Amino acid sequence: MARSPAADAPTEPPGRSAAVAAAQLVLLASAALALVRVAGTSPILWMDTVNDQVEVRRCIEDDSCSLSGVQTSIRGLSAAVSWLQLRTLATWAGAGLGDQHRLILFLDAVALGLLLLLGNRLGGAIAGSLAVLLVVYDIGGVIRMSALHNSVALLFLGTVLLLSCSAAVARPGIGAIVAAAASAAILANVHLVGAVAGLSVALVALAAPRRKLLHAAAASLLFVSATIALAPTGWIENALALLGPSAQRTSAQVAGITSPTFAWASFAVAALALSIPLRGPIANRYRHSALAPIAIVLPLLATFVVATSFGFAPEAKYLAHAKPAIALAAALVFAASTTAATRALRAERLRAPLAVAVSLACAGLVAVPSWSHSSVVEPPALTFDDLDAAIEVLDSDLEWSRAQILQRLKSPPGIAVLTAAMQHPLAGLPQSDTDDAVALFAGLPPGKVPRPLPDGWYHLGETADLASVLVVSRAAIDWNRIEVCAARRGERKACDVGEWTYTETSGVRVSGMPPAGVGWTGD
């Protein structure tokens, strides 16, 4: 049986592999800590998380589970059915939002380890180490890891897709194609951008030595069937929305195309194209090893370029599922170049020390905070753990009633805090009094928290970037009376005094608010 070119991937000399392994373990630990540094240990108060939790609770408590997912940023299109199913399963098993956030971080750390092993196998230790380095590079600019939403699952799922596609290239066959199609179908039902992965599965199926077109057709059919089977209602609605005259288009942007991750993807594709005229075992091995990652990257790049012509915005976040493939494809270029250079210089004995040095250098780079953050670093935000601590003070220590908490708890992320508090298992105590106290839930720079705390101040938690505080005091203004200004499109705006109230029967209500709909404008 003929050996595949990937089987000839460079290995480290015996006796030195332990040093390489130790250096790579240091790299993995540093990379995992970088992910925790970007994501935090508790998810931020993000509206998408709160909305998803509404669907999860409805599924568990009312046995009414969504079959079409949630609305995307493109009106008329829905996604994330599998994400809601996974979130529901985790919640049903007793995992809270913080537990699920930490589970995602654990899976991301596993993904880094799998990517390292795959890179080691395909291109040697230098390829594996560089792949980990590049997947962590600017991770905060591609994935909002501090929030719990469907995009954060794409790093792990994208790594699984890369592994399954690499297996289909290494050992073509129906079993490998089924595994690749299944992983792509799950990805497509977690995030709509995963639909592009169907093209990737078809491309890797073409690597089969015989019956290439048959394998590609089978891969496409399996992907489409599995994808629709997971959420038939959602995909039918999406198809109708795309074909209908009212399909919404956003203004064209190039935020994703200007992303450093897009630049690395373009570099990897260009390097593979330039290698086509080259001959020799190193070039052949590189091209064979790069087939799977390039099959994932190429359709996505083409989609990004075409998207602007149709008015869609190819944002950097849509590169999330392909980030492991982009990192590996670029790393293989450097690894192949290093192998060619050491062979040309007859310095192959330096390969192991070079691999150790590269791994340790990568570990040092990912330890630098700016390496994993985007160029525009998001400001620190309050977390669900902070909200739990604030409600614990109001509910247990101050014995505020549910109505008091929901009417008088004020915070800059107001709607997210209110919606999350409504879902919180409050004790439901009777009204304790009718004074005019309010509770301000906010974040301050750690050095700005007064010491000692004044009366009515509660220190809820603190990180290197943010201290969460709760300030309870009598209000100088009536926080529950607001001015509502609204008008139908084309009409003059009228203002009226509204009131923010809460009752057990009707929940939170703002009097004077117009009915929901896109025909209204207002403040």
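Since the structure is predicted, the reported quantities are computational estimates derived from the model, not experimental observations.

**Comments concerning the overall build of the protein chain**
Logical step 1: Regarding its fold elements, the protein chain presents 19 helices and 10 strands.
Logical step 2: The buried share of the protein chain, reckoned over its 523 residues, is 48%.
Logical step 3: Looking at the protein chain alone, contacts between residues at least 24 apart form 75% of all its contacts between residues at least 6 apart.
Logical step 4: Counting only carbon and sulfur atoms, one obtains 63% of the accessible surface of the protein chain, whose full area is about 25,100 Å².

**Section: the side chain of Ser-164**
Logical step 1: In this structure, Ser-164 sits in helix H7 (residues 154-170).
Logical step 2: Setting aside anything within four residues of it in sequence, one finds Ser-164 in contact with Ala-176, Ala-179, Ala-180 and Ser-183.

**Observations concerning the pattern of salt bridges**
Opposite charge on two side chains lets them pair, provided their charged atoms get close.
Logical step 1: Counted according to the given criterion, the structure contains five salt bridges.
Logical step 2: Of the charged contacts, one joins Glu-55 and Arg-58 as a salt bridge, the two residues approaching to 3.1 Å between their closest N and O atoms. Of this pair, Glu-55 and Arg-58 both sit in helix H2 (residues 47-62), three residues apart, which is roughly one turn of the helix.
Logical step 3: Looking at Arg-58, the relative accessible area reads 33%, which means it is partly exposed.
Logical step 4: A salt bridge links Arg-451 to Glu-462; the shortest N-O distance between them is 3.4 Å.

**Digging into helix H3 (residues 81-92)**
For an α-helix, 3.6 residues make a turn, and residues three or four places apart therefore share a direction.
Logical step 1: With 12 residues, H3 ought to run about 16 Å at 1.5 Å a step, and its terminal C-alpha atoms sit 16 Å apart, in line with that.
Logical step 2: Residues of H3 that are buried include every one of Val-81, Ser-82, Trp-83, Leu-84, Arg-87, Thr-88 and Ala-90, and no others.
Logical step 3: Of the surrounding elements, those touching the buried residues of H3 are H2, strand S1 (70-71), strand S2 (78-79), helix H4 (97-123), helix H8 (174-190) and helix H10 (212-230).
Logical step 4: Following H3 by one or two positions, Gly-94 has its phi on the positive side, about 100 degrees.

**Quick look at the sheet that holds strand S4 (residues 437-444)**
Logical step 1: In space, the four strands of this open sheet follow the order S3-S4-S6-S5, with mixed pairing throughout. At either margin of the open sheet sits one strand with a lone partner, and together these are strand S3 (409-410) and strand S5 (457-462).

**Let's talk about the packing of aromatic side chains**
Logical step 1: Taken as a whole, this structure holds four aromatic pairs when the rule is applied.
Logical step 2: Summarising the aromatic geometry, the rings of Phe-262 and Phe-304 are spaced 5.8 Å apart at their centres and angled 25 degrees between planes, so their arrangement reads as stacked. With Phe-262 in helix H12 (residues 260-275) and Phe-304 in helix H13 (residues 281-307), the pair connects residues that are 42 residues apart, well separated along the chain. Here Phe-262 matches Phe-304 in class, with each residue buried.

**A short note on the packing of helix H1 (residues 17-39) against H4**
Logical step 1: For the pair H1 and H4, interaxial distance at closest approach is 10 Å and the crossing angle is 145 degrees. For the pair H1 and H4, the sense of crossing is right-handed. Contact residues: Gln-24, Leu-28, Ala-31, Ala-32, Leu-35, Val-36 and Ala-39 in H1; His-101, Leu-105, Asp-108, Ala-109, Leu-112, Gly-113, Leu-116 and Asn-120 in H4.
Logical step 2: Looking at the contact of H1 with H4 residue by residue, the classes come out as 10 nonpolar, four polar and one charged.

**Describing the pairing of strand S6 (residues 467-474)**
Logical step 1: For S6, the buried fraction is high: six of the eight residues fall into the buried class.
Logical step 2: When S4 meets S6, the two strands line up antiparallel, connected through eight bridges. Counted as the bridge partner of Gly-443 is Ser-468 from S6.
Logical step 3: Here five bridges tie S5 to S6, and the two strands are oriented antiparallel to one another. Residue pairing for S6: Tyr-458 is matched across the bridge by Leu-470.

**Quick word on a negative patch on the surface**
Logical step 1: There is a patch of like negative charges on the surface, built from Asp-385, Asp-388, Glu-392, Asp-397 and Glu-399.
Logical step 2: Note on placement: Glu-399 falls in the loop between helix H17 (384-397) and helix H18 (402-408).

**A word on the packing of H7 against H13**
The relative placement of two packed helices is expressed as an angle between their axes plus a distance between the axes.
Logical step 1: One way to put it is that H7 packs onto H13 with a least axis distance of 9 Å and a crossing angle of 135 degrees. Here H7 lies oblique to H13, going by the angle between them. Taken as a pair, H7 and H13 cross one another with a handedness that is right-handed. Listed contacts from H13 to Leu-161, Leu-162, Cys-165, Ser-166 and Val-169 of H7 are His-288, Leu-291, Ala-292, Pro-293 and Ile-296.
Logical step 2: Taken together, the residues of the contact of H7 with H13 sort by class into eight nonpolar, two polar and no charged.

**Overview of the confidence of the model for the protein chain**
Logical step 1: Averaged over every residue, the pLDDT of the protein chain is 83; residues scoring 70 or more account for 84%.
Logical step 2: Throughout residues 246-253 the model reports pLDDT below 50, and contacts reaching past four residues in sequence, or to other chains, amount to 21 contacts.

Parameters at a glance
Per chain, the residues get numbers from 1 upward, laid out in the order the sequence is written. With the structure being a predicted model, the display of local features is reserved for residues of pLDDT at least 70 and the display and counting of side-chain atom pairs for 80 or more, all residues being used for whole-chain, interface and lining totals. Calculation of side-chain values draws on the structure's entire complement of heavy atoms; hydrogens and water are dropped beforehand. Strands are runs of DSSP state E lasting at least two residues, helices are runs of H or I lasting at least four, and both sets are numbered from the N terminus onward. We call a residue buried when its accessible area falls under 20% of the maximum for its residue type, exposed when it is over 50%, and partly exposed in between, using a 1.4 Å probe and counting protein chains only. When checking whether two residues touch, look at their non-hydrogen atoms; a contact exists if any pair is within 4.5 Å. Surface accessibility in these figures is a Shrake-Rupley result with a 1.4 Å probe; residues are shielded only by whichever protein chains are displayed. The term salt bridge refers to a pairing of a side-chain nitrogen on Lys or Arg with a carboxyl oxygen on Asp or Glu at a separation within 4 Å. Given the number of residues in a helix, its expected span is that number minus one, multiplied by 1.5 Å. Two strands make a pair as long as DSSP finds a minimum of two bridges between them. Only Phe, Tyr and Trp rings take part, Trp by its six-membered ring, and two of them pair if their centres are within 6.5 Å. Stacked means planes under 30 degrees apart, edge-to-face means over 60, and tilted covers everything else. Throughout, an axis means a line fitted to C-alpha atoms (over the contacting stretch in the case of helices), and angles, computed between N-to-C directions, take values from 0 to 180 degrees. Note: crossing handedness is left-handed where the near helix turns anticlockwise from the far helix by less than a right angle, and right-handed where it turns clockwise. For this scheme, ten residues count as nonpolar: Ala, Val, Leu, Ile, Met, Phe, Trp, Tyr, Cys and Pro. Four count as charged, namely Asp, Glu, Lys and Arg, and the remainder, Gly too, count as polar. Candidate patch residues must exceed 30% relative accessible area and have no salt bridge, after which like charges are joined if within 9 Å and Val, Leu, Ile, Met, Phe, Trp or Tyr side chains if within 5 Å. Asp and Glu are treated as the negative residues and Lys and Arg as the positive ones, with His and the ends of the chain left uncounted. All charge positions are set by atom: Lys at NZ, Arg at CZ, Asp at CG, Glu at CD. For classification, angles of less than 35 degrees are called roughly parallel, those exceeding 145 degrees roughly antiparallel, those between 65 and 115 degrees roughly perpendicular, and all remaining angles oblique. Note: pLDDT gives the predictor's confidence per residue, expressed from 0 to 100.

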